[in-house]
Amino acid sequence: MGDSSHTSDDRLHRRGLMFILSSPSGAGKTTLSRMLLARDSEIKLSVSATTRPPRPGEVDGVHYHFVSPQEFDRMVEEDDFYEWAHVFGHRYGTPKGKIRAGLKDGKDVLFDIDWQGTQQLYQKDQQDVVRVFILPPSLEELHRRLTGRATDSAEVIAARMERARAEISHWDGYDYVIINDNVDVCFEKVHAILEAERMKRQRQTGLIPFVRGLMG
Ligand SMILES: Nc1ncnc2c1ncn2[C@@H]1O[C@H](COP(=O)(O)OP(=O)(O)OP(=O)(O)O)[C@@H](O)[C@H]1O
Ligand SMILES: Nc1nc2c(ncn2[C@@H]2O[C@H](COP(=O)(O)O)[C@@H](O)[C@H]2O)c(=O)[nH]1
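Everything in this summary refers to the structure shown in the same document. Only a predicted model underlies this, so the values are computations on that prediction, with no experimental measurement involved. (Residues numbered from 1 in each chain as written. Chains lettered and ligands numbered in written order. Predicted model: local features only at pLDDT ≥ 70, side-chain atom pairs only at ≥ 80, totals over all residues. Heavy atoms only, no water.)

Applying the stated criterion to the full structure yields 5 aromatic pairs. Aromatic side chains Phe-72 and Trp-84 sit 5.8 Å apart centroid to centroid with 75° between the ring planes, which places their arrangement in the edge-to-face category. Taken together, the positions of Phe-72 in helix α2 (residues 69-77) and Trp-84 in strand β5 (residues 81-87) put the pair 12 residues apart, joining distant regions of the chain. Phe-72 gets classed as buried once you look at its relative accessible area, which sits at 0%. Taken together, the ring pairs connect Tyr-64, Phe-66 and Tyr-92 into an aromatic cluster. The side chain of Arg-131 reaches across the aromatic face of Tyr-122, ending 3.7 Å from its centre. (Phe/Tyr/Trp six-rings, centres within 6.5 Å; stacked < 30°, edge-to-face > 60°. Helix = DSSP H or I, 4+ residues; strand = E, 2+ residues; numbered from the N terminus. Buried < 20%, exposed > 50% of the residue type's maximum accessible area, 1.4 Å probe, protein only. Lys NZ or Arg CZ within 6 Å of the ring centre and 35° of its normal.)

Following this line, the structure appears as structure tokens:
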């Protein structure tokens, strides 16, 4: 094409977005995140740091950066986090990394973070943030999913169920809310939101030169 407003597959240049998935624990956001990363090569996961111990199958640097409380303290002191929060007795934080620079280059970033982190990211960068909240079809089903996942002790599951109502109460701080009943149907909705948000006029930084070109 030879026109700098286009990317190689003929779409316009655009600003990347920060795509946040939140939910009460067990509603399915990690499952949906993994499906999104597998389907869509244009979005990359923001790998959080946490002081929580790894679950079976979780890989350091892939699912989380598993750090000691001392290491987490050091990262806070050195201002390494975009946001961080206490969740279920552990600390979790989003490393700054190269997120801002990537947004300019049209790189999308996926965040699996709670409502506290969502609020902090939104306060810092409203124009780039897209907030999606996932609800379970019922609390009974939420409990079934946490138990069925078989990664947490009965105490941990009880604590997460105890917190579920408080987490759900933040649903109105999100742009989109989806009930995750059938995971495939829910995933298609999540992906449709991502695709639609990418097409927002304000994000398509290549539009002005493209339209100028059209108008001769
Ligand atoms: N629509 C669904 N129907 C049935 N099971 C589901 C559905 N979505 C997810 N699950 C299952 O529910 C369990 C919890 O899902 P997942 O780990 O994705 O939740 P989460 O919201 O990320 O939880 P956490 O915040 O604790 O990490 C998993 O075993 C997953 O396979
Ligand atoms: N504010 C933040 N919340 C985060 C971050 N990384 C994960 N989380 C949230 O913590 C809970 C528990 O996660 P789990 O993996 O122990 O089940 C869940 O709601 C995550 O979304 C983060 O960097 N910041």
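This brings us to a nonpolar patch on the surface. A cluster of nonpolar residues, Val-211, Leu-214 and Met-215, forms a patch on the protein surface that exposes about 340 Å² of accessible area. Mapped onto the fold, Leu-214 is located in helix α8 (residues 207-214). (Patch = residues over 30% accessible without salt bridge, like charges linked within 9 Å, V, L, I, M, F, W, Y side chains within 5 Å. Areas by Shrake-Rupley, 256 points an atom, 1.4 Å probe, with all protein chains shown as cover. Salt bridge = Lys/Arg side-chain N within 4 Å of Asp/Glu carboxyl O.)

Surveying the vicinity of ligand 2 reveals 17 residues, the closest of which are Arg-52, Tyr-64, Glu-83, Tyr-92 and Arg-160. Ser-48 is positioned such that a nitrogen or oxygen atom in its side chain is 2.7 Å from an oxygen atom of ligand 2. Take Glu-83: an N or O atom from its side chain is 2.7 Å from a nitrogen atom of ligand 2. Here ligand 2 loses 97% of its free accessible area of 510 Å² to cover by the protein chains. The pocket occupied by ligand 2, as judged from atoms lying within 2 Å of grid points, is the largest pocket. Going through the elements one at a time, β5 and β6 (90-95) are the ones with two or more residues in the shell around ligand 2. For the shell around ligand 2, the class distribution of residues is 6 nonpolar, 4 polar and 7 charged. (Near = heavy atom within 4 Å. Polar contact = N/O pair within 3.5 Å; in protein donor to acceptor, adjacent residues only side chain to side chain. 1 Å grid on protein atoms, 1.4 Å probe; cavity = no way out; pocket = protein on both sides within 12 Å on 5 of 7 lines; lining within 4 Å. Sits in = over half its atoms within 2 Å of the grid points. Nonpolar A, V, L, I, M, F, W, Y, C, P; charged D, E, K, R; others polar.)

Strand order in the open sheet made by the 4 strands is β4-β3-β6-β5, with mixed pairing throughout. Looking at which strands have only one partner, the edges of the open sheet turn out to be β4 (65-66) and β5. Two elements, strand β3 (residues 49-50) and β6, share 2 bridges in a ladder whose sense is antiparallel. Pairing of Ala-49 across the sheet is with Gly-93, part of β6. (Pairing = 2+ DSSP bridges.)

A word on the pattern of salt bridges. All told, the structure shown has 23 salt bridges when counted by the stated rule. With a closest N to O distance of 2.8 Å, Asp-108 and Arg-198 form a salt bridge. Remark: Arg-198 occurs in helix α7 (residues 183-198) and Asp-108 occurs in strand β7 (residues 108-112); sequence separation between them is 90 residues. As far as burial versus exposure is concerned, Asp-108 and Arg-198 are alike and both buried. Across the pair Arg-149 and Asp-152 runs a salt bridge whose closest N-O atoms are separated by 2.9 Å.

Here the focus is the environment of Arg-39. Looking at the element boundaries, Arg-39 is found in helix α1 (residues 29-39). With 152 residues separating them along the chain, Arg-39 and His-191 place their C-alpha atoms 8.9 Å apart. Among residues more than four places away in sequence, those in contact with Arg-39 are Phe-187, Glu-188 and His-191. A distance of 2.6 Å separates the side chain of Arg-39 from the side chain of Glu-188, its partner in a polar contact. (Contact = heavy atoms within 4.5 Å.)

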